[in-house]
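# Summary of structural features
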Amino acid sequence: MAESGLRFEVDGEIATITLDRPDKRNAQTFATWSALAGIGDNLPEQVRVVVVKGEGPSFSAGIDLRMFTPEGVPGQGSFSSVARSGDTDFEHNIRKAQAGFLWLRRPEIVSIAAVHGHAIGAGFQLALSCDLRIVADDVKFCMKEPALGLVPDLTGTKPLVELVGLAKAIDICLTARMVHAEEAMRIGLAEQVVARDDLDRAVRDKAAELLSTNRDAAAATKRLLQGARARTLEEQSVAEGLEQAVRIKALFGG
Ligand code: ACO
């Protein structure tokens, strides 16, 4: 965990993942993503809400810039070493990194990114991998990858397009500009904007609201909502009926 720059705490039904390398603005490495995946694999069953937040002035300044140097990150290589690896290794490593982000969408949990300060590149994508984003009024989202010759590949492109639409996603990514709190709220990137000092309290309040509903009904409803876009109205109606049959039997089946 120390190498990953993460802290992980569980308090009842709420788990908190804290990016904890504030002196380096919570820059992320392969060890960070591997630890994130490990948390997902071992998440205690009672957890229903996962909060992802950052220590210090920034949520996260993205990938550790040492990856761009010939020396790289000690023990984890560099983009030069990645470029020299075979295609299979390369794809395998990207899939492994992405696994750290993808589990945050599981139906059994609701993930909340509590975002303040800079959320750049991998930091922006980590926020996008959560179900909800509650942001401080000093937030600055930036999809920096295209400015550095890269593409966003940590699972962020699909949620970004789904949240803000294709045109706005193109604008944000292909200019690598900053998106501040007011715009984030207006375009649907953020659910709520609060003063920096109120961020923790706002996230706690949202977690309490989320925990007030029935656990199994919440998971089933999230499954329905997640599948809605890909289904026709007719297919979605069928899916609703199937999930409801399970709920009614569980509640009244004796
Ligand atoms: N990787 C490694 N170290 C970093 C990173 C990073 N991504 N970002 C900041 N740091 C380090 C700085 O080198 C500095 O270290 P030092 O004190 O040892 O010199 C320390 O964190 C503080 O950084 P400052 O730049 O002084 O902090 P400031 O608050 O003024 O600025 C900001 C913050 C805007 C986030 C700036 O640090 C920055 O632009 N960072 C790089 C962002 C970036 O390009 N990320 C890659 C995106 S692409 C991707 O993620 C795939």
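Residues numbered from 1 in each chain as written. Predicted model: local features only at pLDDT ≥ 70, side-chain atom pairs only at ≥ 80, totals over all residues. Heavy atoms only, no water.

For the chain, an unreviewed UniProt entry supplies the name Enoyl-CoA hydratase/isomerase family protein and the organism Nonomuraea bangladeshensis. In its Sequence similarities (unreviewed entry) section, UniProt records this for the chain: "Belongs to the enoyl-CoA hydratase/isomerase family." (UniProt positions renumbered as here; feature names shortened; annotations may be inferred.)

With that settled, the discussion passes to the sheet that holds strand 8 (residues 178–180). Spatial ordering of the open sheet is given by 5-7-8, a layout of three strands whose pairing is mixed. Each having just a single partner strand, strand 5 (118–120) and strand 8 make up the two edges of the open sheet. Averaged over all pairs of adjacent strands, the angle between their axes in this sheet comes to 20 degrees, without regard to strand direction. Sheet analysis places strand 7 (residues 140–142) next to strand 8, joined by three bridges and oriented antiparallel. Across the sheet, the residue bridging to C142 is M178, located in strand 8. (Pairing = 2+ DSSP bridges. Helix = DSSP H or I, 4+ residues; strand = E, 2+ residues; numbered from the N terminus. Axes fitted to C-alpha atoms, helices over the stretch in contact; angles between N-to-C directions.)

With that settled, consider the layout of surface pockets. Here the largest pocket is characterised by a volume of approximately 1000 Å³. R105, D131, K222, L225 and Q226 are the residues nearest the centre of the largest pocket, which is lined by 38 residues in total. Taken together, the elements giving at least two residues each to the lining of the largest pocket come down to helix 3 (87–102), strand 6 (132–136), helix 5 (157–164), helix 8 (199–211) and helix 9 (215–228). Tallying contributions element by element places helix 9 first for the lining of the largest pocket, with seven residues. Tallied by class, residues from the lining of the largest pocket come to 16 nonpolar, eight polar and 14 charged. As for the second largest pocket, its lining consists of 25 residues, of which I63, F79, L150, V151 and D153 are closest to the centre. Breaking the lining of the second largest pocket down by element, the ones donating at least two residues are helix 1 (30–41), helix 2 (79–84), helix 3 and helix 4 (122–128). It is helix 3 that contributes the most residues to the lining of the second largest pocket, four residues altogether. (1 Å grid on protein atoms, 1.4 Å probe; cavity = no way out; pocket = protein on both sides within 12 Å on 5 of 7 lines; lining within 4 Å. Points joined across faces, edges and corners; volume = space filled by probe spheres on them. Nonpolar A, V, L, I, M, F, W, Y, C, P; charged D, E, K, R; others polar.)

The next thing to look at is helix 10 (residues 233–252). Here helix 10 spans 28 Å end to end across 20 residues, near enough to the 28 Å set by a 1.5 Å rise per residue. Residues of helix 10 that are buried include every one of Q236, A239, E243 and R247, and no others. Down the axis, helix 10 shows its buried residues gathered within 70 degrees of arc, on one side only. For helix 10, exposure combined with an orientation more than 90 degrees from the buried face picks out E234, L242, K249 and F252. Its buried side turned inward, helix 10 meets helix 9. Backbone geometry just downstream of helix 10 places G254 in the positive-phi region, at approximately 75 degrees. (Expected span 1.5 Å × (residues − 1). Buried < 20%, exposed > 50% of the residue type's maximum accessible area, 1.4 Å probe, protein only. Arc of directions from axis to C-beta. Contact = heavy atoms within 4.5 Å.)

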